[in-house]
Amino acid sequence: MPEHSRNRLQAWLREGAVRVDGAQVLPKHKVWGGESLTLSIPPAAAGGEHEAQAIALSIVFEDEDLIVIDKPVGLVVHPGNGNPDGTLLNALLHHDPTLAGVPRAGIVHRLDKDTSGLMVVARTLRSQTDLVRQLQARSVSRHYLALAQGRLASDTGTVCEPIGRHPVHRTRMAVVASGKHAVTHYQVRRRFADSTWVECCLETGRTHQIRVHLAHLGHPLVGDAIYAGRRHRAGPDFPRQALHAFRLALVHPTGGQSVQWEIPLAADLQRLIDALEDA
């Protein structure tokens with residue numbers, strides 16, 4: 001059953017959904033040949049515990065396997081502490097009630113609340129498994145546009161620094177030796193008086209990766225209240241981190257062809273860049 005991940009099958013086995021000769025067994029149970037294995041797929045955890053809510057979505061593309069969304073600033077992706085509802089997940093369940101049968105309503109990656117741009121959602125278990133494997137294999141291409149504080153010296157570069165929880169501020173991420181491997185490629189598009197317009201491409205997908213890596217270089221994002229800190233005041237005023245996911249490319253889960261989407265800048269970020277260019 002290659003449409004299901006190993007972790008998902010193990011979880012179902014522990015729940016008793018996978019049986020060997022009609023009996024519930026542990027994942028470590030050995031089979032010797034000739035046994036009969038049956039799977040009764042249980043209801044997914046996503047739909048039953050979260051409410052479908054009529055929240056407007058900007059749909060860039062959708063077919064039987066995928067939904068590609070232009071996520072607006074201010075929309076939280078998944079319910080959590082402080083955000084029990086009013087999230088993208090709640091909106092997806094309203095847009096397509098069948099997503100209640102897919103874990104996390106098909107969400108396979110996230111954008112921060114105040115980051116705008118493209119996200120892909122899986123509409124089926126098979127598509128979700130395939131997309132997760134593509135993300136793990138780094139065959140999903142995600143490009144961002146960001147306005148960094150100060151003027152980056154190099155036109156191009158790569159940040160290869162591990163990212164993990166901040167040792168003191170546990171709600172933040174940081175470059176730490178014990179963190180997970182993280183790689184961000186960047187290319188300068190334009191330099192302004194006290195900021196740099198830069199395109200970033202993720203090779204890995206760690207939490208807050210671009211924000212942490214650029215701050216590590218000494219050029220945190222304009223408007224980033226968490227990672228800029230008091231030491232960094234360069235660049236124009238902006239009410240959120242100046243980061244936008246503008247291009248997304250992957251292999252279609254069932255068609256097998258390479259597909260790509262690209263969207264314009266979010267309106268607030270476009271106004272900021274226009275103002276800098278006119279200055």
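This text follows the structure it describes.
Notes on the structure follow. (Residues numbered from 1 in each chain as written. Predicted model: local features only at pLDDT ≥ 70, side-chain atom pairs only at ≥ 80, totals over all residues. Heavy atoms only, no water.)

Extensive coverage of strand β7 (residues 141-149) is indicated by the burial of eight of its nine residues. As paired elements, β7 and strand β13 (residues 243-251) share six bridges and run antiparallel to each other. For Y144, the partnering residue across the bridge sits in β13 and is A245. As defined by bridge partners, β7 adjoins strand β12 (residues 195-202) across eight bridges and the pair is classed as antiparallel. (Buried < 20%, exposed > 50% of the residue type's maximum accessible area, 1.4 Å probe, protein only. Helix = DSSP H or I, 4+ residues; strand = E, 2+ residues; numbered from the N terminus. Pairing = 2+ DSSP bridges.)

Within the secondary structure layout, P79 lies in the loop between β5 (66-71) and α3 (88-95). Sequence separation between P79 and R104 is 25 residues; the distance between their C-alpha atoms is 9.8 Å. What P79 contacts, discounting residues up to four positions off in sequence, is H50, P84, T87, L89 and N90. (Contact = heavy atoms within 4.5 Å.)

Below, the discussion takes up the nonpolar core. Residues L88, L92, L99, Y144, C200, I210 and L214 are the most contacted members of the largest nonpolar core, which totals 37 residues. Looking at this core element by element, the count peaks at four residues for α3. Those residues in contact with L214, other than ones at most four positions away along the chain, are A148, V198, C200, H219, P220 and L221. (Core = buried A, V, L, I, M, F, W, Y, C linked by side-chain atoms within 4.5 Å.)

On to the environment of V222, then. Position of V222 relative to the elements: it lies in the loop between α5 (209-216) and β13. Owing to a relative accessible area of 1%, V222 belongs among the buried residues under this scheme. With 26 residues separating them along the chain, V222 and T196 place their C-alpha atoms 9.4 Å apart. Every residue in contact with V222, bar those within four places of it in the chain, is listed here: L147, A148, Q149, S195, G235, P236, F238, R240, Q241 and A242.

Turning to helix α4 (residues 125-137), a few remarks are in order. Between its terminal C-alpha atoms α4 stretches 18 Å, which fits the 18 Å expected from 13 residues at 1.5 Å a residue. Taken together, the buried positions of α4 are occupied by L125, S127, Q128, T129, L131 and Q134. Residues of α4 that are buried make contact with α1 (6-15), β5, β6 (116-122) and β13. Of the residues trailing α4, R138 is marked for its positive phi of about 65°. (Expected span 1.5 Å × (residues − 1).)

One side chain can pair with another of opposite charge once the charged atoms of both are near each other. All told, the structure shown has 11 salt bridges when counted by the stated rule. For the salt bridge of E62 with R123, the shortest nitrogen-to-oxygen distance reads 3.0 Å. Of this pair, E62 sits in strand β4 (residues 59-62) while R123 sits in the loop between β6 and α4; the two residues are 61 residues apart in sequence, bridging distant segments of the chain. With relative accessibility at 36%, the residue E62 sits in the partly exposed group. The closest approach of N and O atoms between R191 and D155, which form a salt bridge, is 2.8 Å. Taken together, the residues span a long stretch of sequence, with R191 in strand β11 (residues 183-191) and D155 in the loop between β7 and β8 (156-160) at a distance of 36 residues. Counted as one network, the salt bridges with shared partners bring together R189, E199, R247 and E262. (Salt bridge = Lys/Arg side-chain N within 4 Å of Asp/Glu carboxyl O.)

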